[in-house]
Structures are given as structure tokens and as C-alpha cells.
Amino acid sequence: MTAIELHLVLNHLPVVGALVAVATLLAGLRADAAALRRWGAWLVAGVGVLALAAYLTGQAAEEAATRFADKRWIEAHERAALIGLIAAAAVGLVSLAVALRRTPPSRRAAALLAVLELGAFGALGWTAAQGGRIRHEELRPAAAAAVGQRR
């Protein structure tokens, strides 16, 4: 598997993983289950690691994409990726500290992690949308405007 293929596989995982982590934290809150809250905290930390892996493999994908894609779409994705990485890594580090404690995450800590991870999900989702525009012309603003005019 090339670095480009690895990037294309990895870039979906942080986005989906963030939603799974939030769902797990919320399930732990609803059921008042300490084990689910701890598992959710570990998942949030894992999303940070996955975001880093996707970011690091992005350079090889960028070099290949410059041969066929407009540089402005690549740069927009790269800017969004840095913000997404910072968000996911910051929440992941906080979550790792919570997960490593001897006592399970409190309800308040789990709720805070869920809110912060939703913010990271937003940043990661925006990154994915910007990346999609590199290859998918139908996702670009001009195409969206053209579809809107036909209605």
C-alpha cells in the first residue's frame, strides 16, 4: 500500500471515530456506566492518534494531487487539516489524561469530553469536506450553485 492509498484509507477514520467516541461517552452517561465512559475516553484519545496518522500521510498525497488538482483546493484542505489535527490532538491528550486515572471518568468529565469531541468532529468534518473538493467537482461551490439554480 502506498502512502497515498494509506492517506485515503486513514482520512475517514478520525471523522467516523469521533462520532463513535461521542456516542460511547453519551451511552456511558445515559446508562451511568463507568466502563463505557472510560472506553469513550480511550476512543477520543484514539481519534487524536488517527488524526495525526492521517495528517502525516497527507504530504505524500499532496505531492501526487498537485499533478491533477487545483492548488487552491489542496491548500484549503491542508489548512483545514492542521486545524482538525490540533483540535483532535488537544482533546485526545485531555482524554488520555482522564482515561489513565485510576478512577473512572466522572459524569462531568465524560460530558465535557463529549462536547469537546463534537467540536473536534466539526473540524475534522470540515477537513474531510475540503479534501473531497480536491477530486469531486460536484462538491465545489460553483457546482453547488449551479445545482441550486436548476431548481
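Summarised in this report is the structure supplied together with it.

**Regarding the overall build of the protein**
- When its secondary structure is counted, the protein shows six helices and zero strands.
- Ordering the α and β elements of the protein from the N terminus gives α-α-α-α-α-α.
- In terms of its C-alpha atoms, the protein occupies a principal-axis envelope of roughly 50 × 40 × 25 Å.
- For the protein, restricting intrachain contacts to residue pairs at least 6 apart in sequence, the fraction spanning at least 24 positions comes to 76%.
- Within the structure as shown, the protein displays about 8900 Å² of accessible surface, and the carbon and sulfur contribution to it stands at 67%.
- Charge-centre separation for the protein: the mean point of 16 positive side chains lies 12 Å from the mean point of 10 negative side chains.

**A short note on the packing of helix H3 (residues 34–65) against helix H5 (residues 107–135)**
- Relative to each other, H3 and H5 sit at 20 degrees, their axes nearing to 11 Å. One way to sum up the angle between H3 and H5 is to call them roughly parallel. In terms of crossing hand, the pair formed by H3 and H5 is left-handed. Contacts between H3 and H5 involve Arg37, Ala41, Val44, Val47, Ala51 and Ala65 from the first element and Arg107, Ala110, Leu113, Glu117, Leu124 and Ile134 from the second.

**Quick look at H3**
- The end-to-end C-alpha distance of H3 is 45 Å, a good match for the 46 Å that 32 residues give at a rise of 1.5 Å each.
- Along its length, H3 reaches its greatest deviation from straightness, about 35 degrees, at Gln59.

**Brief notes about a nonpolar patch on the surface**
- Residues Leu36, Trp39, Trp42 and Leu100 make up a contiguous nonpolar surface patch of about 420 Å² in total accessible area.
- Tracing the chain through its elements places Leu36 in helix H3.
- For Leu36, a relative accessible area of 32% translates into the label partly exposed.

**Description of the side chain of Gln130**
- As for its placement among the helices and strands, Gln130 is situated in helix H5.
- In this structure Gln130 touches Trp73, Ala76, His77 and Ala80, once residues within four positions along its chain are discounted.

**Considerations on the pattern of salt bridges**
- What the rule picks out here adds up to four salt bridges.
- The salt bridge involving Arg107 is made with Asp32; its shortest N-O contact spans 3.4 Å. Of this pair, Arg107 sits in helix H5 while Asp32 sits in the loop between helix H2 (13–30) and H3, and the two are 75 residues apart along the sequence.
- Arg107 sits in the partly exposed class, given a relative accessible area of 42%.
- Ionic pairing is found between Arg72 and Asp70, a salt bridge with its closest N-O pair at 2.9 Å.

Definitions and cut-offs
Residues numbered from 1 in each chain as written. Predicted model: local features only at pLDDT ≥ 70, side-chain atom pairs only at ≥ 80, totals over all residues. Heavy atoms only, no water. Helix = DSSP H or I, 4+ residues; strand = E, 2+ residues; numbered from the N terminus. Contact = heavy atoms within 4.5 Å. Areas by Shrake-Rupley, 256 points an atom, 1.4 Å probe, with all protein chains shown as cover. Lys, Arg positive; Asp, Glu negative; His and termini not counted. Charge placed at Lys NZ, Arg CZ, Asp CG, Glu CD. Axes fitted to C-alpha atoms, helices over the stretch in contact; angles between N-to-C directions. Parallel < 35°, antiparallel > 145°, perpendicular 65-115°, else oblique. Left-handed = near helix turned anticlockwise from the far one by under 90°. Expected span 1.5 Å × (residues − 1). Bend = angle between axes of the 7 residues up to and from the residue. Patch = residues over 30% accessible without salt bridge, like charges linked within 9 Å, V, L, I, M, F, W, Y side chains within 5 Å. Salt bridge = Lys/Arg side-chain N within 4 Å of Asp/Glu carboxyl O. Buried < 20%, exposed > 50% of the residue type's maximum accessible area, 1.4 Å probe, protein only.

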